[in-house]
Amino acid sequence: MKRLSISERLGLVSYRNQARTDAKAHIEVDTDICNSTCPHQCTTYVCPAKCYTLDEAGELHFQFEDCIECGTCMYACDQGAVKWSYPDPETGRGVNWNFG
Amino acid sequence: MEEKFDCIIVGGGIAGLSAAMILARADARFLLIERGEFCGAKNVSGGVLWGSDLNELVPDFGDSPEGFERFINHRRLTFMDDQSAFSLDFKSAHFEQTPYSGVTVLRSKFDAWLAGKVEAQIEQGTHSESSFLATDILVQEVIQESGRVVGIRAGGEDFFADCVILAEGVNNLLTRQIGIEPAYVPADHVAVGVKEVIEFDKSVLEDRFQLNGRSGLTNEFVGFCSDGVEGGGFLYTNEKSLSVGLVLGMKDLREKKKAPQDILNQFKEHPAVRDMLTGGKVVEYSAHVVSTGDIDAVPERLYDDGVLIAGEAAHLLLNAGKAIQGMDYAMRSGILAAEAVLAAREVSDFSGAQLSGYQKALENSYVLTDMHNFHDAVKLLHDPMMFGAVPNVLCDFGRQFFTIRSEPGQKSRHMMTAAVKRHSSYWDLIKLGAKAARAL
Ligand SMILES: Cc1cc2nc3c(=O)[nH]c(=O)nc-3n(C[C@H](O)[C@H](O)[C@H](O)COP(=O)(O)OP(=O)(O)OC[C@H]3O[C@@H](n4cnc5c(N)ncnc54)[C@H](O)[C@@H]3O)c2cc1C
Ligand code: SF4
Ligand code: SF4
């Protein structure tokens, strides 16, 4: 069986409000903490949807659009940088599992 | 909303729907609110629903199998190193009688089916116009008045009830809002589950896994599958697909600097797993946090004035090595929470003191009894030897034992001694064995 990349995997996910360009973020990350005092930047590898990434300059960025609402970053971040909530059904993103 | 409800349930997962079924049967007036587009839309499990509680909620569910995937009559526990797999395998006709003691489910389908059964039950009562399962609505806040829970706020509207059941799952924001659990829950209280659903031609699946009609196989894995991280793997047969995934300790994952989706790739490429997946097509990738099942993570009190916490919102789950039991725990705790609400209604007293009967009922049921009794087993699973030395020794021994060379052979006890020496020491294994004997 072919190895799947993260984008191929996320391509199988049914996201809500996919057509909305102004979807409201349900997770807010204080990236100042990520890029200054965080000793491990663990969310860049524990997030199963790779929503936390490092650019070439080593700066951390967060995007909520690919988030699959697993909850991981809310526990893995012990630096107080993640403000986590559920997406609003109408204005937010989030998932609609076909199998679950 | 004009009148207040007898009860508001937050969450239409297994705990919430189970509570709703009991309330509907007693003809109570309630509101269940689920944020997903339909019940199940947001939920992920491995998923085997163990035990026989489903039969209590939906009698004879086994005769009309639209809700579940397969009943389990074949179980396998596999220890793996990078090349080998050493399994304990048990299949029995005893498991073929209804009520089944384990069925595989896909939550998007199962929860929606259970919600349909609850709605049918509501229809039969006098509140068919005033009890609701409301979906696609997010509960934003629990409303408290002088320290007592009186209702919830959702979609800018307030709803009131004598009692609220929080059945919101492990990511329990409202349970934290009312202070039953601290606002920050540390990584060592939870694990992360990642999973794929892999579809097959049904006849290929049946032939490959020796399935007969609706029978099914569960396979748990320890060792190489979790790449040195505390946790394990699973492979479960659905009607036309497999659920394949991992549950990985969150703190250990953070410390070992590993990505769950990479470990899943590696697991799928293990020779023993690879050959089970040949020809399949991945149709969904998912992930969700799951409780570790450590009773130390369960809040001290699962009730307060006007409120009860059920299911994984209360970290009720057992993972003592032979199965993950979160759904049956959610089901039973949901049932007991609804029964506590009905008992409170009898005496018109929804104080914490009255509702504490819920916690006592949990203590008397398998839920908290087993979480206490198997606490040592849960702790034992965190021992690195359990996912390192033990599977390695077994696979090494297996390789020697099953190899036939054209030369004089060794006695098995010499093989075992050599295998132990290569990966561990007898003394360490004896210590572990003694712990295991006490724990199990
Ligand atoms: C990968 C993985 C494998 C697993 N394998 C198994 C297994 O094989 N067997 C087993 O028994 N268990 C397994 N579990 C655990 C099991 O899935 C959970 O224990 C179980 O789903 C808990 O049920 P629940 O009803 O308490 O919570 P959930 O199923 O999480 O339901 C909570 C519901 O509440 C809703 N909700 C939450 N907040 C709000 C809000 N504010 N407003 C409105 N609605 C809200 C959610 O949308 C959801 O529908 C597994 C878990 C994972 C992640
Ligand atoms: S762990 Fe927290 S602080 Fe560190 S990078 Fe991730 S989100 Fe930022
Ligand atoms: S909730 Fe899960 S998927 Fe979403 S950003 Fe956090 S870790 Fe990633």
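Residues numbered from 1 in each chain as written. Chains lettered and ligands numbered in written order. Predicted model: local features only at pLDDT ≥ 70, side-chain atom pairs only at ≥ 80, totals over all residues. Heavy atoms only, no water.

Can you explain the nonpolar core? Please cite residues and give values.
With 88 residues, the main nonpolar core has I9, F30, L308, L316 and Y358 of chain B as its most contacted residues. Top element by residues in this core is helix α9 (residues 327–346) of chain B. It accounts for twelve residues. Those residues within four positions of F30 of chain B in sequence are excluded, and the remaining contacts are F5, C7, I9, A20, L23, A24, V118, I122, S130, S131, F132 and L133 of chain B. With 66 residues, the next largest nonpolar core counts I68 and W97 of chain A together with V44 and L235 of chain B among its residues. (Core = buried A, V, L, I, M, F, W, Y, C linked by side-chain atoms within 4.5 Å. Buried < 20%, exposed > 50% of the residue type's maximum accessible area, 1.4 Å probe, protein only. Helix = DSSP H or I, 4+ residues; strand = E, 2+ residues; numbered from the N terminus. Contact = heavy atoms within 4.5 Å.)

Help me get a handle on the packing of aromatic side chains, residues and values and all.
Within the structure shown, the criterion is met by 14 aromatic pairs over all chains. Aromatic pair F234 of chain B and Y236 of chain B: ring centres 5.1 Å apart, planes at 15 degrees, arrangement stacked. Here F234 of chain B matches Y236 of chain B in class, with each residue buried. Three or more aromatic residues joined by ring pairs make a cluster, and in this case those are F61, F68, F71 and Y100 of chain B. The ring of Y15 of chain A is capped by R93 of chain A, whose NZ or CZ atom sits 4.8 Å from the centre of that ring. Above the face of the F68 of chain B ring, R214 of chain B is positioned so that its terminal group lies 5.4 Å from the ring centre. (Phe/Tyr/Trp six-rings, centres within 6.5 Å; stacked < 30°, edge-to-face > 60°. Lys NZ or Arg CZ within 6 Å of the ring centre and 35° of its normal.)

I'd like to hear about the packing of helix α14 (residues 389–402) of chain B against helix α15 (residues 412–423) of chain B, residue by residue, with values.
Residues and elements named next belong to chain B. Contact pair α14 / α15: the axes reach a minimum separation of 9 Å and the direction vectors enclose 140 degrees. At the point where α14 passes α15, the crossing takes the right-handed sense. Only S412, M415, M416, A419, V420, R422 and H423 of α15 make contact with α14, whose side of the interface consists of A389, N392, V393, D396, F397, Q400 and F401. Considered class by class, the residues forming the contact of α14 with α15 number eight nonpolar, four polar and two charged. (Axes fitted to C-alpha atoms, helices over the stretch in contact; angles between N-to-C directions. Left-handed = near helix turned anticlockwise from the far one by under 90°. Nonpolar A, V, L, I, M, F, W, Y, C, P; charged D, E, K, R; others polar.)

Residue-level account of the interface of chain A and chain B, with values.
Each partner contributes residues to the interface: chain A has 38 residues there, and chain B has 55 residues. Between chain A and chain B, roughly 4,100 Å² of surface is buried when both sides are summed, and carbon and sulfur atoms account for 54% of that area. When the buried area of chain A at its contact with chain B is split by residue, M1, Y75 and F99 of chain A rank highest and sum to 22% of it. Taken together, the links from chain A to chain B amount to seven salt bridges. A salt bridge links R9 of chain A to E196 of chain B; its shortest N-O distance comes to 2.7 Å. (Buried area = accessible area lost by both parts, 1.4 Å probe. Salt bridge = Lys/Arg side-chain N within 4 Å of Asp/Glu carboxyl O.)

Account for the site of ligand 2, naming residues and giving values.
Inspection of the region around ligand 2 gives 13 residues, with C34, C38, T43, L60 and C77 of chain A positioned closest. Tallied by class, residues from the shell around ligand 2 come to nine nonpolar, four polar and no charged. (Near = heavy atom within 4 Å.)

Lay out the site of ligand 1 in plain terms, naming residues and giving numbers.
Residues in close proximity to ligand 1 total 36 residues, the closest being E34, V48, R107, E312 and M327 of chain B. In this structure, ligand 1 sits where chains A and B come together, each supplying nearby residues. A distance of 3.4 Å separates an oxygen atom of ligand 1 from a polar atom in the backbone of V44 of chain B. Note that a nitrogen atom of ligand 1 is positioned 2.9 Å from one of the backbone N or O atoms of V139 of chain B. For ligand 1, whose accessible area on its own is 1,000 Å², the fraction buried by protein is 98%. At the level of secondary structure, the elements contributing two or more residues to the shell around ligand 1 comprise α1 (14–25), β15 (281–291), β19 (324–325) and α9 of chain B. Considered class by class, the residues forming the shell around ligand 1 number 18 nonpolar, twelve polar and six charged. (Polar contact = N/O pair within 3.5 Å; in protein donor to acceptor, adjacent residues only side chain to side chain. Areas by Shrake-Rupley, 256 points an atom, 1.4 Å probe, with all protein chains shown as cover.)

All quantities given are derived from atomic positions and should not be read as evidence of function.
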